[in-house]
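# Results of the structural survey
The chain contents come next:
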Amino acid sequence: MNLPALFEEKMRGLLGEEMDAYLACYEEPRYYGLRVNTSKISVEEFCRICPFEISPIPWIDNGFYYDGEKLSPAKHPYYFAGLYYLQEPSAMTPASRLPVTPGDKVLDLCAAPGGKATELGARLKGEGLLVANDISSSRAKGLLKNIEVFGIGNVAVLCEEPGKIESCFLEFFDKILIDAPCSGEGMFRKDRKMVKAWEEHGPEYFSNIQKSIILKAARMLKPGGMLLYSTCTFDSRENEQMIKILRDEYPEFRILDIKPYEGFCPGIPEMASSPDEELKKTVRIFPHKMKGEGHYLALLQKGEEIPLKSMDVPIKSRSGPAYKPSEAVKQFFKDVSWKLDSARFHLRGEWLYYLPEGLPDVRGIRFLRTGLLLGELKKNRFEPSQALAMCLKKEDYAHCIDLPAEDPRILRYLKGETLDVEDLADSEDKSWQLVCVDGFPLGWGKSARGLLKNKYLPGWRLC
């Protein structure tokens, strides 16, 4: 592979005698990975039912390699059930090293397409709040889909620049992840088009963007909260120097140790504008040392020595009286085992949402979703949403059609076709059915006279 001369010269200075090993890795194939959705299935159970050959990614507890040249996991029904996410192995590292626990308020500031946000949301286990943002509206739509496939309902998906988000979320979050837009040097082997992009917009261009993002994020983090900053590049201007800028601006931030792995390399203090020995706690990932692409990550904690002025963040208010569930809504949710707080119902037009607890007032901010979309009210009918189906477990709903992955009706369902379900005794006439594959929900259907009218979301259908 022909690398840009300026890049190669820089890497020789960085790697020294390891440069030949680095160049040799470009002759090796890229690595493919999948990450198990532990909010739907345990790693042990997934390994038991996985229909294709996988091997563990040693530094990711729920990550596995697969042969992407021979396999297409994105076409298997388990993918549509949200049991796993396809992600480059090194890219799994940042979310795995941010210690999110149920109940946290978490921000993924540059979240599309959703690889890191889905892992953060899964680890919340339905408690707390995930705010996932991407400034691009088209990318944010893909982000929303991936979050919904994963069955994450305690979420707000935003499409906004960080400065506007800061105005609503000052010192609000317990954990923040910034997978910053970068020059992408670590991805040259995976995607050769990144070389041309680097030649058009290199490290200097992105470092200005990163500085703005990280300083705004610092102000959205609670004292005592943790921030994980990551890039997929090697340039010190986007890595060590960016952490140094943050600590110079906000000295209350200290760098934390990151759970180690034998292939991790320490950050390089000499790469900062002025040496900071704490930068050795940050991590560099090189593709010639690990089975993955290039990355950088730093974990920091905000101290309380110089706290910012806090503000009281109002809970999202509604215009008009609180929504009182209609009879159609009540009738449907009689078959759902969840205990829902009616005070969190919110009707926007014909769409009924279930708001997350503790969501601040986001009026004035562009958003695609606040909370779980439960469904649509059509005159005297209630039609449950695809997002609701993905949040449910089979045992949560009274009427299920559960088919094995090998049943040809599963693929027909994913393509949007009507199904013959006369052989299934529990398919009550004219009732909403939760269609499952091996016990994991895929979406809705409406049964009538032994047939299942397909209600799988058109935009998600298998082509």
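Residues numbered from 1 in each chain as written. Predicted model: local features only at pLDDT ≥ 70, side-chain atom pairs only at ≥ 80, totals over all residues. Heavy atoms only, no water.

## Some details on the layout of surface pockets
What the largest pocket holds in volume is close to 1,100 Å³. Residue lining of the largest pocket: 38 residues in total, with Ala112, Pro113, Lys116, Arg139 and Asp179 positioned closest to the centre. Of all the secondary-structure elements, those providing two or more residues to the lining of the largest pocket are strand 1 (32–36), strand 4 (84–86), helix 6 (115–124), strand 8 (173–179) and helix 10 (203–220). Classifying every residue of the lining of the largest pocket gives 21 nonpolar, eight polar and nine charged. In terms of lining, the second largest pocket is formed by 38 residues, of which the most central are Lys125, Gly126, Gly151, Trp338 and Cys391. Elements supplying a minimum of two residues to the lining of the second largest pocket: helix 6, helix 13 (386–391) and strand 22 (440–448). Residues belonging to the lining of the second largest pocket are distributed by class as follows: 17 nonpolar, ten polar and eleven charged. (1 Å grid on protein atoms, 1.4 Å probe; cavity = no way out; pocket = protein on both sides within 12 Å on 5 of 7 lines; lining within 4 Å. Points joined across faces, edges and corners; volume = space filled by probe spheres on them. Helix = DSSP H or I, 4+ residues; strand = E, 2+ residues; numbered from the N terminus. Nonpolar A, V, L, I, M, F, W, Y, C, P; charged D, E, K, R; others polar.)

## Quick notes on the sheet that holds strand 20 (residues 419–420)
Whenever strands of a sheet pair, they do so through backbone hydrogen bonds, lying parallel or antiparallel. Pairing in this open sheet of five strands is mixed, and the strands run 19-21-22-23-20 from one edge to the other. Bordering the open sheet on either side are strand 19 (400–403) and strand 20, each of which pairs with just one other strand. Looking at chain direction, strand 22 and strand 23 (residues 451–454) are connected through four bridges and run antiparallel. Bridge assignment links Lys446 to a residue of strand 23, and that residue is Lys453. (Pairing = 2+ DSSP bridges.)

## Regarding helix 11 (residues 240–249)
Residues of helix 11 that are buried include every one of Glu240, Met242, Ile243, Lys244, Leu246 and Arg247, and no others. Looking at the buried side of helix 11, the elements it contacts are helix 10, strand 9 (221–231), strand 10 (253–256), strand 12 (283–285) and strand 13 (295–302). (Buried < 20%, exposed > 50% of the residue type's maximum accessible area, 1.4 Å probe, protein only. Contact = heavy atoms within 4.5 Å.)

## A closer look at unusual backbone geometry
Here the bond from Ala112 into Pro113 is cis, since omega is 5°, no more than 30 degrees from zero. Even without being glycine, Lys379 reaches a positive phi, approximately 55°. The topology assignment puts Lys379 in the loop between strand 17 (372–378) and strand 18 (381–384). The phi angle at Asp438 is positive, at roughly 50°, despite the residue not being glycine. Within the secondary structure, Asp438 is located in the loop between strand 21 (432–437) and strand 22.

## Quick look at the nonpolar core
Soluble globular proteins tend to pack their nonpolar side chains together in the buried interior. Counting 38 residues, the largest nonpolar core has Phe169, Ile176, Ile178, Tyr229 and Ile243 as the members making the most contacts within it. The dominant element in this core, judged by the number of residues it contributes, is helix 10, at six residues. Beyond its immediate stretch of four places on either side in the chain, Ile176 contacts Leu98, Leu107, Ala217, Met220, Leu221, Met226, Leu227 and Leu228. With 35 residues, the next largest nonpolar core counts Val106, Phe264, Val283 and Met290 among its residues. (Core = buried A, V, L, I, M, F, W, Y, C linked by side-chain atoms within 4.5 Å.)

Remember that the coordinates give geometry; whether it matters functionally is a separate question.
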